[in-house]
Amino acid sequence: MKFTISRDALLKPLNLVAGVVERRQTLPILANVLMVLEENHLSLTGTDLEVELVGRVQLEAAGESGEVTVPARKLVDICRSLPEGSSIEFDVKDSKVTARSGRSRFTLATLPAREFPNIEDSMGTHQFTVKQGQLRRLIERTAFAMAQQDVRYYLNGMLWDVKAGKLRVVATDGHRLALCTLPQKIAVDDDLQVILPRKGVLELARLLLEDDADVTVVLGSNHMRATTAGFTFTSKLVDGKFPDYQRVLPRSPDKIVVGSRLELRQAFTRTAILSNEKYRGVRLKLVENTLDIIANNPEQEEAEETVSVEYEGEALEIGFNVSYLLDVLGVLSGEKIRLSLADPASSALLEESEEAGDSVYVVMPMRL
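These figures come from a predicted structure and were not determined experimentally.

K.L.:
Lay out the overall build of the chain with the relevant residues and their values.
P.N.:
In terms of helices and strands, the chain carries six helices and 24 strands. Summarising its shape, the C-alpha atoms of the chain cover approximately 80 × 50 × 35 Å along the three principal directions. Here the chain holds 368 residues, and the buried ones make up 51% of them. As displayed, the chain has an accessible area near 18,500 Å², and 47% of this comes from carbon and sulfur atoms. Charge separation in the chain, taken as the distance between the mean sites of 44 positive and 54 negative side-chain charges, equals 5 Å.

Below you can see the structure in the form of structure tokens.
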């Protein structure tokens with residue numbers, strides 16, 4: 001196997017593929033990236049047995065075809081350290097790969113390509129194509145609400161719910177819930193629910209860089225696959241039952257607060273400074289057209305902010321974890337947000353106040 005490639009053309013797919021590779025491995029070969037050359041088509045594959053990513057590069061000139069696995073991190077570091085615009089010549093001989101660039105020469109140990117694991121190809125049942133920017137928006141608007149290392153393992157991921165030609169993604173950690181709907185219909189006949197694991201969600205979001213380019217998604221019973229012009233991403237799915245998110249959405253909140261997203265975000269950020277570091281609780285006091293936000297901590301310190309809002313209704317006092325509110329305000333856009341409440345013991349519903357909002361957020365209250 002022998003070929004020449006420009007450093008810049010190799011570095012972009014190599015960075016993405018190496019991101020999948022775990023630093024601590026049970027199998028030594030999982031620390032490697034698989035390089036396969038067929039004439040002038042080079043593919044790079046990284047996997048941790050849960051997630052697999054294949055990046056593709058077109059070479060300017062055909063090389064000697066072959067396949068080999070090389071240490072992912074070392075190869076990334078070598079490529080990064082070489083000057084921009086340089087080219088690298090790879091040559092594989094006697095289970096060693098030599099990379100030459102200018103006056104630099106690196107010889108790396110390899111492992112046999114035939115030992116490299118691949119995620120088995122299971123038939124997908126649902127396939128649709130969307131713009132990368134649209135899919136990334138769905139993920140960015142909901143990923144923050146995924147659980148981390150929760151014993152309810154099905155919460156450590158994101159639900160993809162295909163129903164009546166609509167794609168919804170939902171994430172929850174039991175304290176808050178984020179839901180975002182793709183505005184247009186997708187060409188899928190049957191309904192399906194799958195749970196993409198946390199790592200799969202975060203890796204997929206990193207890959208969706210070209211807003212107007214297409215990504216084709218295939219969903220099956222065990223795997224999810226996303227394919228673009230430059231890469232093929234495959235992830236195993238979480239085997240579990242996601243909670244019925246429809247039951248979590250507040251049914252008839254009658255107290256509606258509309259306020260400036262920026263003003264509320266700044267007020268919450270300031271009051272959070274003096275909230276209890278462990279519980280992060282803030283108290284919201286609502287009276288007509290006024291919202292008071294109060295935080296205090298065990299050192300008897302207190303912060304208070306008053307924000308003008310649109311609210312007509314009886315006075316209400318309710319507590320929330322301020323981090324959850326800030327997370328939502330961080331992903332919402334638009335000038336105004338709508339906060340819908342029923343009583344101090346019921347969840348709050350947050351959304352953009354414009355009618356066309358595609359995202360809904362539910363935050364559980366706190367006892368303060």
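Read on for the rest.
K.L.:
I'd like a rundown of unusual backbone geometry, residues and numbers included.
P.N.:
Positive phi, normally seen in glycine, also occurs at Asp 94, with a value near 50°. Its place among the elements puts Asp 94 in the loop between strand E6 (87-93) and strand E7 (96-101). A residue is classified by how much of its surface remains accessible, and Asp 94, at 71% relative accessible area, is exposed. Here Gln 300, not a glycine, exhibits a phi torsion of approximately 65°, which is positive. Within the secondary structure, Gln 300 sits in the loop between strand E19 (290-296) and strand E20 (302-308).

K.L.:
Pulling in residues and values, what's your account of the sheet that holds strand E8 (residues 104-109)?
P.N.:
If you trace the four strands from one edge of the open sheet to the other, you get E1-E6-E7-E8, paired in antiparallel fashion. Of all strands in the sheet, those bounded by a partner on one side alone are strand E1 (2-6) and E8. Direction aside, neighbouring strands of the sheet carry axes that sit 20° apart on average. Where E6 and E7 come together, five bridges link them in antiparallel fashion. In the strand pairing of E7, Lys 93 is matched with Lys 96. Strands E1 and E6 of the sheet are contacted by helix H1 (residues 7-20), whose axis makes an angle of about 90° with E1. Running at roughly 175° to E8, helix H2 (residues 72-81) makes contact with E6 and E8 of the sheet.

K.L.:
How would you summarise the sheet that holds strand E2 (residues 32-38) if you had to cite specific residues and measurements?
P.N.:
Read from one edge of the open sheet, eight strands run E5-E2-E3-E4-E16-E15-E14-E9, paired in antiparallel fashion. Edge positions in the sheet fall to strand E5 (66-71) and strand E9 (126-131), since each has one partner strand and no second. Averaged over all neighbouring strand pairs, the angle between strand axes comes to 15°, with direction disregarded. As judged from the seven bridges shared by strand E3 (residues 41-47) and strand E4 (residues 51-58), these two strands associate in the antiparallel manner. When the bridges of E4 are listed, Thr 45 appears paired with Val 54. Of the strands in this sheet, E2 and E5 touch H2, which is tilted by about 90° from E5. The sheet contacts of helix H3 (residues 132-142) involve E9 and strand E14 (214-219), and relative to E9 the element is tilted by about 100°.

K.L.:
Tell me about the pattern of salt bridges, and please be specific about residues and values.
P.N.:
The final tally for this structure, using the stated rule, is 19 salt bridges. The salt bridge involving Asp 8 is made with Arg 7; its shortest N-O contact spans 2.9 Å. In this structure, the salt-bridge partner of Arg 176 is Asp 327, at a minimum N-O distance of 2.9 Å. Here the residue Arg 176 occupies a position in strand E12 (residues 176-181), and Asp 327 occupies one in helix H6 (residues 322-331), the gap between them amounting to 151 residues.

K.L.:
Which residues make up the environment of Ala 272, and what values go with them?
P.N.:
In this fold, Ala 272 is placed in helix H5 (residues 261-272). Separated by 32 residues in the primary sequence, Ala 272 and Glu 304 place their C-alpha atoms 10.0 Å from one another.

K.L.:
Please give an account of the packing of aromatic side chains that cites residues and values.
P.N.:
Evaluation of the coordinates by the stated rule reveals three aromatic pairs. Between Phe 3 and Phe 90 the ring centres are 5.0 Å apart and the planes differ by 20°, which places this aromatic pair in the stacked class. With a gap of 87 residues between them, Phe 3 in strand E1 and Phe 90 in strand E6 connect regions that are remote in the sequence. We note that Phe 3, like Phe 90, is buried.

K.L.:
Now, about the nonpolar core: what can you tell me, with residues and values included?
P.N.:
Met 35, Phe 90, Trp 160, Leu 204, Met 224 and Phe 268 are the most contacted members of the largest nonpolar core, which totals 99 residues. The greatest single-element share of this core, amounting to seven residues, is contributed by H1. In this view, Phe 268 contacts Val 282, Leu 284, Ile 293, Val 322, Leu 325, Leu 326 and Leu 329; residues no more than four positions away in its chain are not counted. By size, the runner-up hydrophobic cluster in this structure holds 13 residues, among which are Tyr 245, Leu 249, Leu 349 and Val 362.

K.L.:
I'd like to hear about H1, residue by residue, with values.
P.N.:
Helix length check: H1, at 14 residues, gives a terminal C-alpha distance of 20 Å against a target of 20 Å (1.5 Å per residue), a fit within 8%. When the local axis directions of H1 are compared, the greatest deviation, roughly 25°, occurs at Leu 14. Residues of H1 that are buried include every one of Arg 7, Leu 10, Leu 11, Pro 13, Leu 14, Leu 16, Val 17, Ala 18 and Val 20, and no others.

Reading the values: rules and limits
- Residues numbered from 1 in each chain as written.
- Predicted model: local features only at pLDDT ≥ 70, side-chain atom pairs only at ≥ 80, totals over all residues.
- Heavy atoms only, no water.
- Helix = DSSP H or I, 4+ residues; strand = E, 2+ residues; numbered from the N terminus.
- Buried < 20%, exposed > 50% of the residue type's maximum accessible area, 1.4 Å probe, protein only.
- Areas by Shrake-Rupley, 256 points an atom, 1.4 Å probe, with all protein chains shown as cover.
- Lys, Arg positive; Asp, Glu negative; His and termini not counted.
- Charge placed at Lys NZ, Arg CZ, Asp CG, Glu CD.
- Pairing = 2+ DSSP bridges.
- Axes fitted to C-alpha atoms, helices over the stretch in contact; angles between N-to-C directions.
- Contact = heavy atoms within 4.5 Å.
- Salt bridge = Lys/Arg side-chain N within 4 Å of Asp/Glu carboxyl O.
- Phe/Tyr/Trp six-rings, centres within 6.5 Å; stacked < 30°, edge-to-face > 60°.
- Core = buried A, V, L, I, M, F, W, Y, C linked by side-chain atoms within 4.5 Å.
- Expected span 1.5 Å × (residues − 1).
- Bend = angle between axes of the 7 residues up to and from the residue.

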